[in-house]
Amino acid sequence: MIIHTKEPFNAEPSLARLRASSITAQPDFYVRSHGKIPQLDEKTHRLHVAGEVRTPLDLSITELRDRFTLSTVTAVMQCAGNRRLDMQAVKPTSGDPWAPGAIGNAEWTGVSLADVLQAAGASAEPGLHVAFEACDEIEMPDEGRFNYGVSIPIGKAMSPEVLLAFEMNGEALAREHGYPLRVVVPGFAGVRSPKWLTAIIVQDRPSDNHMQQRDYKLVPAEMTANTVNWDQGITIYDMPLNSAICEPAARAEMKAGLATLRGYAIATAREVVRVDVSIDGGRNWRQAELEHDAEAPWSWSFWTATVDLPKGEHELAVRAWDSAGQTQPAQPDDTWNFKGYLSAAWHRVHVSAT
Ligand SMILES: Nc1nc2c(c(=O)[nH]1)N[C@H]1C(S)=C(S)[C@@H](COP(=O)(O)O)O[C@H]1N2
Ligand SMILES: [Mo]
């Protein structure tokens, strides 16, 4: 793993490793944590469900497993800061310089959040939010200490793909991925999928936690850390269309002639329908071959393209298209923001061929 920070622990895999398998093994799965990774025990861990519910619940992990139907969903988890590195090349931003590896795809097993909300007799009125509380402690200069918390709108919370998960790829969740219980909200930014979950609260407004109110929002380009008005930020829920070249690696020295490019593409609300690659920085394009498992709508698409590389320096580029005919912005300048979120411009990789 490429380690960005040790405390809190933040790391991502190499892109070749990431592209080696459509299901990302736990040891290769990026870790994004804001505080110390808690030491928890599934035998004593409890989950509380409260707020606008008829019957508040207090459940052990065994009770969750026994009372509800198990379900498995293959889904991508992706950080809102994935690919921030490219945005930082435009102008500095806050946050770690994530390459395109702050993403992974796993088979998550758990129980459906909707089933648990239903068992608690939760109201499903539009306008409600489902807030999550976790037990890791975060410390921030202006905020002091607090526990991690976020929320999602009730409509998404009631969708069948949203899980309270205890397994990843058929194994118990590793500590760093949320053992013994985490939320998995397919399609949404990773921040909305709390690890080390302790409570679920149905309420009439979004979470008032720092993570929800003063972070993970897409703010206008003119705002800085000093002038930011968080109320004008767009809360990041659904992730944008994105793609990346995983092979060859940046600055690779290659042999002239036929070369294979490999990468991933991801869309959430819509489908990835086409991926184009270029070997001249985007002046000319050709289509890549797409692999997508039709049974796994929340999974990513892998793509492969064979190109003929002349001798010299080349700027490889990739862009994906979705089913509404939308594509990615050409330059990271187009969406630059001081937090470096949602970096989704054409991914460019410079290589030389001899
Ligand atoms: N409790 C808790 N949950 C959390 C976080 C955290 O710091 N604490 N980080 C979030 C963020 S920003 C991301 S991108 C994902 C990362 O999940 P992973 O580390 O399992 O890849 O977890 C989310 N859930
Ligand atoms: Mo994240």
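Conventions we followed
- Residues numbered from 1 in each chain as written.
- Chains lettered and ligands numbered in written order.
- Predicted model: local features only at pLDDT ≥ 70, side-chain atom pairs only at ≥ 80, totals over all residues.
- Heavy atoms only, no water.
- Domains from an automatic or database assignment.
- Contact = heavy atoms within 4.5 Å.
- Buried area = accessible area lost by both parts, 1.4 Å probe.
- Salt bridge = Lys/Arg side-chain N within 4 Å of Asp/Glu carboxyl O.
- Polar contact = N/O pair within 3.5 Å; in protein donor to acceptor, adjacent residues only side chain to side chain.
- UniProt positions renumbered as here; feature names shortened; annotations may be inferred.
- Helix = DSSP H or I, 4+ residues; strand = E, 2+ residues; numbered from the N terminus.
- Buried < 20%, exposed > 50% of the residue type's maximum accessible area, 1.4 Å probe, protein only.
- Pairing = 2+ DSSP bridges.

1. As for the domain arrangement of the protein
Inference 1: For the protein, the assigned domains are domain 1 (2-235) and domain 2 (242-353).
Inference 2: Averaged C-alpha coordinates put domain 1 and domain 2 at centres separated by 27 Å.
Inference 3: Contacts between the two partners involve 43 residues from domain 1, matched on the other side by 35 residues from domain 2.
Inference 4: Carbon and sulfur atoms make up 63% of the area that domain 1 and domain 2 hide from each other, which totals about 3,300 Å².
Inference 5: In terms of surface lost to domain 2, no three residues of domain 1 exceed Arg 19, Arg 83 and Met 87, which account for 26% of the buried area on that side.
Inference 6: At the boundary of domain 1 with domain 2, the tally comes to one salt bridge.
Inference 7: We note a salt bridge from Lys 339 to Asp 215, for which the minimum N-O separation is 3.0 Å.
Inference 8: Remark: the boundary between domain 1 and domain 2 carries 20 residue pairs in polar contact (both at pLDDT 80 or more).

2. Points about the UniProt feature "domain: Moybdenum cofactor oxidoreductase dimerisation" (unreviewed entry) in the protein
Inference 1: Following the UniProt record, the feature "domain: Moybdenum cofactor oxidoreductase dimerisation" (unreviewed entry) maps to residues 235-352 here.
Inference 2: Annotated as residues 235-352, this span is 0% helix and 48% strand, and its ends, taken at the C-alpha atoms, are 40 Å apart.

3. Details of the pairing of strand 10 (residues 163-168)
Inference 1: Summarising burial for strand 10: six of the six residues are buried, a large majority.
Inference 2: Taken together, the five bridges between strand 7 (residues 103-112) and strand 10 define a ladder with antiparallel strand orientation. Of the residues in strand 10, the one forming a bridge with Gly 110 is Ala 165.
Inference 3: Strand direction decides the pairing type here: strand 10 and strand 12 (residues 182-184), joined by three bridges, are antiparallel. Across the sheet, residue Leu 163 finds its bridge partner in strand 12, namely Val 184.
Inference 4: Sheet topology places strand 10 next to strand 11 (residues 171-172); two bridges connect them, and they run antiparallel. By the bridge assignment for strand 11, Glu 167 is matched with Ala 172.

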